[in-house]
Amino acid sequence: KGRYDAKAHRMPDLEFDMKVQNGSIAYQQALPVKNLFFSFRSKLPGLNPDSLSVNIDSLSFNLDQGYFGGSLHIKGINPPYGKANIHAQMDLDKLDKALGISSFSMKGQYELHVRADGPYATGIKRIGLRKTETVITSIPSFELRSSLQQGYFKYASLPQAISGIRFSINAACPDHDYHHTVLSIENLQASALDNYLKGSLKLSLAKDL
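Everything numeric in this text was worked out from a predicted model, so none of it was measured.

**Overview of the overall build of the protein**
Step number 1: For the protein, the helix and strand inventory stands at one helix and 12 strands.
Step number 2: Going residue by residue from the N terminus, the α and β elements of the protein occur as β-β-β-β-β-α-β-β-β-β-β-β-β.
Step number 3: The C-alpha atoms of the protein give 22 Å as radius of gyration, which overshoots the globular expectation for 209 residues (17 Å, by more than 25%).
Step number 4: With respect to the three principal axes, the spread of C-alpha positions in the protein is 60 × 50 × 30 Å.
Step number 5: Here the protein, with 209 residues, has 27% of them falling under the buried criterion.
Step number 6: For the protein, contacts bridging at least 24 residues in sequence account for 44% of all contacts bridging at least 6.

Quick look at the structure:
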């Protein structure tokens, strides 16, 4: 809604809203996605990207005993401010079949918990007399927990799959300084034909370590 006037640098306002209640997704004889709820609102005043706001107040559904629930809020582009809260526990094989995905197949018991809040911003840092570089000055504070058991992934166009996929990921940053980020990947496993991967990783970006 609004007037477009290039000389006066005026642009119309754009709004887009969508809501789904009591939704379901069913593919052939597979267990259906049930209780689908989706509430989406967005605004772009004057078609100005820096004034963009995106609000997914809720996205949730159930699949047999599994569930997904989350929300996402984004404001602005330069810099963007984001807030997210996501929780999921899902049988990937049932999700694959419910959505009717044909290009690849996946299996496994997957769990995800994410919380993030804050801006992402960059700045210019001077190096010497003439050189500068772009550096990250702020990231959202966040907590992430993710795990997969008995994982399996195969492209339909390829003869072999990656199987026995397993991992447990924990990552966090308590404030907006990315130097305080810590990451832990435990029980990492995967195999394909006679090849395999096993390992673990612990990472801390703290300057004093």
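**Regarding the packing of aromatic side chains**
Step number 1: Scanning the model with the defined rule gives five aromatic pairs in all.
Step number 2: We note Lys-107 situated over the ring of Tyr-152; from NZ or CZ to the ring centre the distance is 5.0 Å.
Step number 3: Directly above the aromatic system of Tyr-196 lies the positively charged group of Lys-198, at a separation of 5.8 Å from the ring centroid.

**Comments concerning helix α1 (residues 92-99)**
Step number 1: Taken residue by residue, α1 has Leu-92, Leu-95, Asp-96 and Ala-98 as its buried positions. Down the axis of α1, the buried set is contained in an arc of 165 degrees. They therefore lie on one face.
Step number 2: Where α1 begins, the side chain of Asp-91 points an oxygen toward the backbone nitrogen of Asp-93, at a separation of 3.0 Å.
Step number 3: With its phi angle positive at about 65 degrees, Gly-100 sits one or two positions after the end of α1.

**Re the pairing of strand β2 (residues 33-44)**
Step number 1: Relative to β2, strand β1 (residues 14-25) runs antiparallel, the two sharing nine bridges. For Leu-14, the partnering residue across the bridge sits in β2 and is Leu-44.
Step number 2: Where β2 lies against strand β3 (residues 53-63), eight bridges are found, and the strand directions are antiparallel. Counted as the bridge partner of Ser-39 is Ser-58 from β3.

**Overview of the pairing of strand β7 (residues 121-127)**
Step number 1: Pairing of β7 with strand β8 (residues 131-138), which is carried by seven bridges, proceeds in the antiparallel orientation. From the neighbouring strand, Ala-121 faces β8, where its bridge partner is Ser-138.
Step number 2: Counted along the chain from β7 to the antiparallel partner β8, the turn is three residues long, and its residue Gly-128 has a positive phi close to 75 degrees.

**Overview of the side chain of Thr-181**
Step number 1: In this fold, Thr-181 is placed in the loop between β10 (162-173) and β11 (182-192).
Step number 2: On the basis of relative accessibility, which here comes to 15%, the residue Thr-181 falls in the buried class.
Step number 3: Looking at Thr-181, its side chain comes within polar contact range of the main-chain oxygen of Tyr-178, at 2.9 Å.
Step number 4: Ignoring any residue separated from it by four or fewer positions in sequence, one finds Thr-181 in contact with Ile-139, Phe-142, Ala-172, Cys-173, Leu-203, Ser-204 and Leu-205.

Rules used in this analysis
- Residues numbered from 1 in each chain as written.
- Predicted model: local features only at pLDDT ≥ 70, side-chain atom pairs only at ≥ 80, totals over all residues.
- Heavy atoms only, no water.
- Helix = DSSP H or I, 4+ residues; strand = E, 2+ residues; numbered from the N terminus.
- Rg over C-alpha atoms; globule rule 2.2 N^0.38 Å.
- Buried < 20%, exposed > 50% of the residue type's maximum accessible area, 1.4 Å probe, protein only.
- Contact = heavy atoms within 4.5 Å.
- Phe/Tyr/Trp six-rings, centres within 6.5 Å; stacked < 30°, edge-to-face > 60°.
- Lys NZ or Arg CZ within 6 Å of the ring centre and 35° of its normal.
- Arc of directions from axis to C-beta.
- Polar contact = N/O pair within 3.5 Å; in protein donor to acceptor, adjacent residues only side chain to side chain.
- Pairing = 2+ DSSP bridges.

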